[in-house]
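# Summary of structural features
Residues per chain are reported as follows:
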Amino acid sequence: MAEKAVDVVVAGGGPAGLTAGLYLARARMDVLLVEKQAPGGAPALTEKIENYPGFPEGISGFELVDRMRRQAEGFGLRISSFNPLEGLEDGGDLKKVRTAEAEIAARAVVLAMGMRPAKLGVPGEEEFHGRGVSYCATCDAAFFKDGVVAVVGGGNSAVEEALFLSRFARKVIIVHRRDRLRAGGVLEERALSNPKMDFAWKKTVKEIRGEDRVTGLVLADVEGGPDVEIEVDGVFLYVGNIPNTEEVRGTVELDERGFIKTDADLRTSVPGVFAAGDVRSGAVWQVAAAVGDGVRAALRAQFHVENQKGTAYI
Ligand code: NAP
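All residue numbers refer to positions counted from 1 along the written sequence of the respective chain. Selection of residues for local features in this predicted model requires a pLDDT of at least 70, selection of side-chain atom pairs for listing and counting requires 80 or more, and totals for whole chains, interfaces and linings are taken over all residues. The basis for every side-chain value is the complete set of non-hydrogen atoms in the structure, without hydrogens or water.

Here we take up the pairing of strand β12 (residues 203-210). We treat two strands as partners when DSSP finds at least two bridges between them. Numbered from the N terminus, helices here are DSSP runs of H or I no shorter than four residues, and strands are runs of E no shorter than two. Looking at chain direction, β12 and strand β13 (residues 214-221) are connected through seven bridges and run antiparallel. Looking across to β13, one finds that E207 is bridged to V218. The hairpin turn running from β12 into β13, its antiparallel successor, is three residues long.

Domain boundaries in the protein chain define domain 1 (2-116 + 241-309) and domain 2 (119-237). Residue-level contacts link four residues of domain 1 with seven residues of domain 2. Between domain 1 and domain 2 the total buried area reaches about 520 Å² when both faces are included, carbon and sulfur atoms providing 43% of it. We define a salt bridge as a side-chain nitrogen of Lys or Arg found within 4 Å of a carboxyl oxygen belonging to Asp or Glu. Run the count over domain 1 and domain 2 and you get two salt bridges. Linking E50 and R190 is a salt bridge whose minimum nitrogen-to-oxygen distance equals 3.1 Å. Think of a polar contact as two N or O atoms within 3.5 Å of one another; within protein, one of them needs to be a possible hydrogen donor and the other a possible acceptor, and neighboring residues in sequence only count if both atoms come from side chains. Between the two partners, domain 1 and domain 2, sit three residue pairs in polar contact (both at pLDDT 80 or more). In the side of domain 1 that touches domain 2, the residues fall into one nonpolar, one polar and two charged. All domain edges in this entry derive from an automatic or database-based domain assignment. By the convention used here, residues are in contact when the closest approach between their heavy atoms is within 4.5 Å. Note on definitions: buried area is the accessible-area loss of two parts on being combined, 1.4 Å probe, summed for both. Ten residue types, Ala, Val, Leu, Ile, Met, Phe, Trp, Tyr, Cys and Pro, are classed as nonpolar, four, Asp, Glu, Lys and Arg, as charged, and the remainder, Gly among them, as polar.

Let us now look at the environment of A183. Checked against the element boundaries, A183 lands in the loop between β10 (171-176) and α5 (185-192). For A183 and V122, which are 61 residues apart along the polypeptide, the C-alpha to C-alpha distance reads 24 Å. Setting aside residues up to four positions removed in sequence, A183 forms contacts with G154, G155, N156, V159 and E188.

Another point: the packing of helix α1 (residues 15-26) against helix α2 (residues 61-74). Geometry of a packed helix pair, given as the angle between the helix axes and the separation of the axes. In the contact formed by α1 and α2, the axes pass within 9 Å of each other and the chain directions differ by 20°. The angle between α1 and α2 falls in the class roughly parallel. Regarding α1 and α2, the two cross each other, and that crossing is left-handed. Seen from α1, the contacting residues are P15, L18, L22 and A25; seen from α2, they are V65, M68, R69, Q71 and A72. When grouped by side-chain class, the residues that make up the contact of α1 with α2 number seven nonpolar, one polar and one charged. Axis lines are fitted through C-alpha atoms, for helices just across the contact stretch, and the angle between N-to-C directions can take any value from 0 to 180 degrees. Roughly parallel means an angle under 35 degrees; roughly antiparallel, over 145; roughly perpendicular, 65 to 115; everything else is oblique. For any pair of crossing helices, the crossing counts as left-handed if the nearer helix is rotated counterclockwise from the farther one by less than a right angle, and right-handed if it is rotated clockwise.

Written as structure tokens, this is what we have:
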């Protein structure tokens, strides 16, 4: 179903998309934000965010993004939830945006679809997903009260979530393929000094074993030592992320890892299409940075639309 043209479609309702939406709505642009699920993005599943400026005691990820949503909606941003972007065509002045519910013509588009956790790709991962295999400690930690869980990965996500899990589980084993954590600073200090935390250094997961649910892991030694089997009630996987760009592949230029290439003004290879936040090649994957991207993409998209309409104030 074709709808009338809007000024800007924002795809993705995480911090980058909500910020772009806020700025565009406040500039009195006709803007629609489409979101795969409910707005909030990855931070909505983060228990506490301590490095977003302005909140010295930290703030729950959900509350932070909920405040962003309310602020944007307060200025008139329309949000269409459970309506994912399904395709994008460069139609010249009017881009064709296809979502699950509609085909929308837009003068400009801001792509802010973020990224999702990567799979490890080992036997048992798919089979036990939801039965001991999880990618979200904030969602599932409570199911492992007094249990033993493994966390795979050594980055910020793995360590943050391992610390969160340590509040519920009896023991948390970080399985990492190196001999030190990638996450440094405060997170590393907290993990290394946490009495519930164990470390399986220089190990990778070869197999996730179980019956009805996960019962253990087979770990391979990166230096060629013998495999070991450990008993766990659950395993949380944080081995990197994949950009949500399948729907725009072939329309905008992507880098070798699938993130959207932009210039310094967040323009993609298609005029009038901008990218912001984690989905952008070169992003630093921080909420504060995604917010900054959202501002820049919104201002550039606004200028693009006003130029097209002949209403730009120069
Ligand atoms: P990441 O930094 O890419 O870390 C992924 C981890 O998984 C690395 O330790 C990596 O090992 C390991 N890994 C990758 N493939 C693996 C495999 N096949 N088998 C075993 N281990 C594997 O991802 P992330 O932790 O999700 O963080 C993503 C970004 O978000 C980062 O820029 C991070 O700083 C940011 N972030 C920030 C915060 C915060 O500021 N509080 C919180 C969460 C995320 P190697 O170390 O050997 O590569």
